[in-house]
Amino acid sequence: MSDADAHRELVENPFFVLGVEPGAARAVVEREGQKLLSMLEVGLSQAKTYATPLGTRVRTPELVRWALAELRQPERRLVHELWAATPVAASGDPVLDEKDACEAGWPEARVAYGWEPR
Amino acid sequence: MSESGAWVGIDLGTTNSACAVFDGERVQLVRNAQGGGLTPSVVRIDARGNVTVGARARRFLDGDPANTRAEFKRLMGTAQAIDFPAAKVSKRPEELAAEVLRSLREDVREQLGFLPERAVISVPALFELPQSAATSEAARLAGFERVELIQEPVASAIAAGWSAAESRGYWLVYDLGGGTFDASLLETQEGLLRVVGHDGDNFLGGRDFDWAVVDWAIAEFGKSGAKIDRANPAHGKVVRALKHAAEEAKIELARAGEAAIVLPGLDVDGEAVDVDLSLTRAQLEALCLPLVERSLAVCQRLLAAHGVGEGALERVVLVGGPTVMPLVRREVAARLRAPLGEGLDPMTLVAEGASIYAATAGLDARPRTAALAAAATRRLWIQHSAMSSDLTPHVVGRLLPGGSGPEPVTVRLTRADGLWASEPAALDTNSEGGFVIMVELIARRPNVFRVEAAAVDGTPVPVEPSTITIVQGLTVSDPPLSRTIGVALANDQVRVYFERGAPLPARRTFLHHTVESVAKGSAECALKIPIVQGELPEAHLCRLVGALTVRGDLVRESLPAGAPIELTIELDRGGRLSARALVPATGQVFEEVATLFVPEATPEVLAASREALAQRLSSLRSDAFRRGDRAAVDRLGGLERQLAEAARDAEAARGGDADAAQKARRALLEIDALLEEVERDKSWPELEQRARERMAAAASWVAEYGSPEEQRILAETAQAIERARATKDAVEIERQLRVVMNLANACYYRDPEAWARSFEHAAADAASATDQVRAHDLVKRGRAAIARNDRRELREVVEALWRLLPVDPAARRRGHDSGVR
């Protein structure tokens, strides 16, 4: 797995995208996903970003749909549960792009995940 | 019809079409003028230009075939013109499909009193993009304001799921239509219906059963000395008569043990001859068994691909007219070891499911009432799932600007039965005017809610919409993409945008670079960005389904080779494609995706392709014999049979059968891809050697510069390669080698000297760059960066130089003449 792939596993983790706990019931995941899709459709700003351990990211309808599809597959959900089992940074962080996301939000993340030497 | 809504679903079939309307509780089949639920997909245009559709047109199919056309669905998306000599007009397949849709729209008006404006139309799961686009175009021509497409098996599953009691587990939808076969694996759990995967054969259908009988009849008839040739245009009428008789015999044999094929006085080469044959059910089943087995092999492949073992299916839902054949029902139940869904009509299930899906997509077919533009009305934008398995879903909305009268500050939803109402939700104060309300639904019913807004002093404020409807039932997961979509690159590789199975709708953007310059003002100078569909990594083995062109006469500024182009591809829920290319340097956008047709399949082209494949096959076969590779010999034997079948279709194409030509084209393309696989297997020793070399290089770089995580992944990849070697899985080894390459690259470029080494390699080839001036400048910049030890700058220089290096012209030709990398 390349750095970029691992980075994506974290910042695009479906649980972070949907803003639900890794242990959330399937019905809760679906309900939150549909709510977010509706909120994004009407353009409510509170749905436009989400928190990750690497900072705040931009949420899009495509990402929400992808997250729902991922969590509907039991084996994929398990993988994402493992990745999501980490504290999430407080919301309200600045929105980061791909390049600087690794250098802010949670600077120790890359070391903690073993992608950089301690 | 219910006040809450009317949702229309249409099964636009190869042989018959059907239409259903859902009112939120029940599905009703729409009857045509003859009182039938099925409308034959047949169109006739007479000498006066009068158009007749359905059963009335079908009566003329034998007597006046030149002006009466059927089975045009199989030609959707092709450029094939269909002639009506009496009226001296030619029609495209989608124009004929539009006639059928128009007729179904009228039937709805007769039955329900309104002309539907929106609908869901079903298409086979494996329809290619041009075929889907043609279906949408047919709907537009028929006067629909908006349609969504749904894959046929998903529609069947929705209909079966709606009528079933609580159900959990895997289902298989076995959909054998007149011209196509689809198998879909679905899963239901807690009211969520999920499409796990699809497989199918775009050119296997009940019609092939009829042709098997025709071929048998021709062979039997030939024993008497007279020869009927499917490839001879002069025998077209006789062949059509035989096919019609074969179809009738097949239907009769669903009940009887024996059926007669009697055709007196057929004109064969100027001689009147009588056909009098007897066909038993056992004979029919023997003729059709290979076709049924072909469909079952598709099902088994689908189940294996998703790890669903034998006997794990909860049920099989049969769809399509040919599934009434006892042989099909018996073999499917026995081979898939699953009970067949009972009480479902295989002929109308697709239309029923499409109508329920229209409700989930919020496509109410009723004409919109004139806007309530009363002076004192405020407008709300409300979003919610039109159908949901959730008993407490959310309704989201916001106040739109405009309108007059008092400004609302709260919104409340009250269920029409008066037994539930939400708390008033305050419209948020950050000027967006948004609200989110959780509602309570009554199970398995349409739930109508009144939208009640109030001003700050509690006075009611009239709002539009004043009601919304949510049907409690199924939640249908987003339909999955049936084939991978990507962009063909100039090196004949594919940049994948959407993997097969990706949920629709979807949108993705990637950055590409031009491989040659585009001179401003030159109409001849055009850069092609081909969009392809298929599972193989080589672009030439994928189907070209669309293309964007950046034309020299349209660019604002000349584009140098290596210029960045940001390409966005978007697919809607029905799989319709749109794309836009942005040239960041000028901000110019190109959006016109060329409408591609499924390639024409002239008899000459088919013959040449068949000949080339036959030679390749023969050479591979001799080689496999020499090497004593039994597995390859067997595999090639199978391909030889497929090639013979394709040759028969190609011959029929000479007789003017455009559908057989398309079938042959598809078969030849698939044989080409399979031969490529055999060729890859043949180079197995080279692949093993390459795997060893790559692993050795990667191990050294990862050991030196890799993180513990990367070292662990490399070790796992090595094990995966070993497993793939044991099963001789070349495709899996290639996939794992891509992981190895990524890891090795990531680590290699952590070496402080890595970019300097890459620079020297690229600089050595700079003389062949597509833009010499720029390449020379880059080399100078690179040398300076090395002197300053500026690795970031050096990396930029190297990447820019790579983009200027020429591509192999032969690879580019194979890659559909792509102008990007």
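Notes on the structure follow. (Residues numbered from 1 in each chain as written. Chains lettered and ligands numbered in written order. Predicted model: local features only at pLDDT ≥ 70, side-chain atom pairs only at ≥ 80, totals over all residues. Heavy atoms only, no water.)

### Considerations on the overall build of chain B
Just so we agree on the cut-off: Numbering of helices and strands runs from the N terminus, with a helix taken as a DSSP run of H or I at least four residues long and a strand as a DSSP run of E at least two residues long. What the globule rule says is 2.2 Å times the number of residues to the power 0.38, and the radius of gyration is computed from C-alpha atoms. Note on exposure labels: buried denotes an accessible area under 20% of the residue type's maximum, exposed denotes more than 50%, and partly exposed covers the range between, all computed with a 1.4 Å probe on protein chains only. When checking whether two residues touch, look at their non-hydrogen atoms; a contact exists if any pair is within 4.5 Å. A 1.4 Å probe and the Shrake-Rupley method give the accessible areas. Residues count as covered only by the protein chains that appear here.
A tally of regular secondary structure across chain B gives 19 helices and 37 strands. Relative to the 2.2 N^0.38 estimate, which gives 28 Å for 821 residues, the radius of gyration of chain B is 30 Å and therefore close to what a compact globule would have. Expressed along its principal axes, the backbone C-alpha trace of chain B runs to roughly 95 × 90 × 60 Å. The burial tally for chain B puts 53% of its 821 residues in the buried class. The long-range fraction of contacts in chain B, counting pairs at least 24 apart against all pairs at least 6 apart in sequence, stands at 67%. When the accessible surface of chain B is summed, it comes to about 35500 Å², and 51% of that surface belongs to carbon and sulfur atoms.

### Structural notes on the overall build of chain A
Scanning chain A from N- to C-terminus turns up seven helices and two strands. When the helices and strands of chain A are listed from N to C terminus, the series reads α-α-α-β-β-α-α-α-α. Classification of the 118 residues of chain A by burial places 50% in the buried group. In chain A, the proportion of contacts linking residues at least 24 apart, taken out of those at least 6 apart, comes to 70%. On chain A, roughly 5400 Å² of surface is accessible, and the fraction owed to carbon and sulfur atoms is 55%.

### Quick look at helix 9 (residues 349–360) of chain B
All names here are of chain B. Stated precisely, the cut-off is as follows: A helix is expected to span 1.5 Å multiplied by its residue count minus one.
Along its 12 residues, helix 9 runs 17 Å from first to last C-alpha, staying within 8% of the 16 Å computed at 1.5 Å per residue. Among the 12 residues that make up helix 9, 11 are buried, leaving the element largely enclosed by the rest of the structure. Gly362, located one to two residues past helix 9, shows a positive phi value of around 70 degrees.

### Topic: the side chain of Ser758 of chain B
Within the fold, Ser758 of chain B resides in helix 16 (residues 754–764). Ser758 of chain B has contacts with Tyr748, Tyr749, Val798 and Trp802 of chain B, leaving out every residue within four places of it along the chain.

### Some words on the pattern of salt bridges
Selection criterion: Each salt bridge in this description consists of a side-chain nitrogen of Lys or Arg and a carboxyl oxygen of Asp or Glu lying within 4 Å of one another.
Applying the stated criterion across every chain, the model contains 47 salt bridges over all chains. With a closest N to O distance of 2.8 Å, Glu70 of chain A and Arg76 of chain A form a salt bridge. Here Glu452 of chain B makes a salt bridge to Arg450 of chain B, at a shortest N to O gap of 3.5 Å. Glu452 of chain B gets classed as partly exposed once you look at its relative accessible area, which sits at 25%. Beyond isolated ion pairs, a larger network of salt bridges with shared partners links Glu71, Arg207 and Lys243 of chain B.

### Quick word on the interface of chain A and chain B
Applicable threshold: By buried area we mean the combined loss of accessible area, with a 1.4 Å probe, across both parts when two parts are placed together. Between N or O atoms, a polar contact is any pair within 3.5 Å; within protein, one atom must be a potential hydrogen donor and the other a potential acceptor, and residues adjacent in sequence are included only when both atoms are from side chains. The nonpolar class holds Ala, Val, Leu, Ile, Met, Phe, Trp, Tyr, Cys and Pro. Asp, Glu, Lys and Arg form the charged class, and all remaining residues, Gly among them, are polar.
Every contact between the two is made by 28 residues of chain A and, on the other side, 38 residues of chain B. Overall, the association of chain A and chain B removes approximately 2700 Å² of surface from exposure, summing both partners, and the carbon and sulfur fraction of that is 54%. Our enumeration of links across chain A and chain B arrives at two salt bridges. For Arg31 of chain A, the salt bridge identified is with Asp390 of chain B, shortest N-O distance 2.7 Å. Joining chain A to chain B, the criterion identifies six residue pairs in polar contact (both at pLDDT 80 or more). Sorting the residues of the side of chain A that touches chain B by element identifies helix 3 (26–42) and helix 4 (61–71) of chain A as the ones contributing at least two each. Here the side of chain A that touches chain B gets 11 residues from one element, more than from any other, and that element is helix 3 of chain A. For the side of chain A that touches chain B, a count of residues per class yields 10 nonpolar, seven polar and 11 charged.

### A look at the nonpolar core
Residue and element names in this part refer to chain B. Rules: For our purposes a nonpolar core is just a set of buried Ala, Val, Leu, Ile, Met, Phe, Trp, Tyr and Cys residues, chained together by side-chain atoms within 4.5 Å.
With 54 residues, the main nonpolar core has Leu172, Tyr174, Leu313, Val316, Val332 and Leu336 as its most contacted residues. Setting aside residues up to four positions removed in sequence, Leu313 forms contacts with Tyr170, Trp171, Leu172, Leu185, Leu303, Val308, Leu336, Ala338 and Pro339. Leu12, Cys19, Phe72 and Val123 belong to the second-largest nonpolar core, a separate cluster that totals 36 residues.

### Some words on the packing of helix 17 (residues 772–788) of chain B against helix 18 (residues 791–804) of chain B
For any two helices packed against each other, the geometry is given by the interaxial angle and the distance between the axes. Residues and elements named next belong to chain B. Spelled out, the test is: Only the stretch in contact is used when a helix axis is fitted, and all axes are lines through C-alpha atoms; the angle between N-to-C directions ranges over 0 to 180 degrees. Just so you know how the angles are binned, under 35 degrees is roughly parallel, over 145 roughly antiparallel, 65 to 115 roughly perpendicular, and the rest oblique. By definition, turning the near helix anticlockwise from the far helix through less than a right angle yields a left-handed crossing, and turning it clockwise yields a right-handed one.
In the contact formed by helix 17 and helix 18, the axes pass within 9 Å of each other and the chain directions differ by 155 degrees. Relative to helix 18, helix 17 is oriented roughly antiparallel. Remark: the crossing between helix 17 and helix 18 carries left-handed chirality. Here helix 17 contributes Arg774, Ala775, Leu778, Val779, Arg781, Gly782, Ala785, Ile786 and Arg788 to the contact with helix 18, which in turn contributes Glu793, Leu794, Glu796, Val797, Ala800, Leu801 and Leu804. When its residues are assigned to classes, the contact of helix 17 with helix 18 shows 10 nonpolar, one polar and five charged.

### A look at the sheet that holds strand 17 (residues 313–319) of chain B
Residue and element names in this part refer to chain B. What counts here: Two strands pair under a simple rule: DSSP has to find at least two bridges between them.
With mixed pairing, five strands are arranged side by side in an open sheet as 17-12-13-14-28. Of all the strands in the sheet, the pair left with one neighbour each is strand 17 and strand 28 (475–476). With eight bridges joining them, strand 12 (residues 169–176) and strand 13 (residues 181–189) adopt antiparallel strand pairing. Residue Trp171 lies in a different strand from strand 13, and its bridge partner there is Leu186. With respect to the sheet, helix 9 is in contact with strand 12, strand 17 and strand 28, its orientation differing from that of strand 17 by roughly 110 degrees.

### A few points about the packing of aromatic side chains
Residues and elements named next belong to chain B. Heads up, the condition is: Note on ring pairs: Phe, Tyr and Trp rings are taken, using the six-membered ring of Trp, and paired if centres are within 6.5 Å. Classes follow the plane angle, with under 30 degrees stacked, over 60 edge-to-face and the rest tilted. Geometrically, a lysine NZ or arginine CZ counts as sitting over a ring once it is within 6 Å of the ring centre and also within 35 degrees of the ring normal.
The tally for this structure, following the rule as stated, stands at 10 aromatic pairs over all chains. Between the aromatic rings of Tyr497 and Phe498, the centroid separation amounts to 6.4 Å while the plane-to-plane angle is 65 degrees, which identifies the pairing as edge-to-face. Accessibility expressed as a relative area gives 1% for Tyr497, which makes it buried. By relative accessible area, Phe498 is classed as buried at 4%. Relative to Phe510, the ring of Tyr497 lies with its centre 4.8 Å away and its plane at 85 degrees, an arrangement referred to as edge-to-face. Taken together, the residues Tyr497 in strand 30 (residues 494–498) and Phe510 in strand 31 (residues 506–513) connect sequence positions 13 residues apart. Note that Arg44 overlies the ring of Phe60, its terminal NZ or CZ placed 3.9 Å from the centroid. Over the ring of Phe510 we find Arg495; its NZ or CZ atom is 4.6 Å from the centre of that ring.

### Thoughts on helix 13 (residues 684–705) of chain B
All names here are of chain B. Short version of the rule: Think of it as the arc spanned by the lines of direction from the helix axis to the C-beta atoms.
With 22 residues, helix 13 should cover 32 Å at 1.5 Å per step; its first-to-last C-alpha distance of 31 Å lies within 8% of that length. Residues of helix 13 that are buried include every one of Trp684, Leu687, Glu688, Ala691, Met695, Ala698 and Val702, and no others. The buried residues of helix 13 occupy an angular sector of 100 degrees when the element is viewed end-on, so they sit on one face. Residues of helix 13 that are exposed and point over 90 degrees away from its buried face: Glu686 and Glu704.

Honestly, it's all geometry; don't read function into it.
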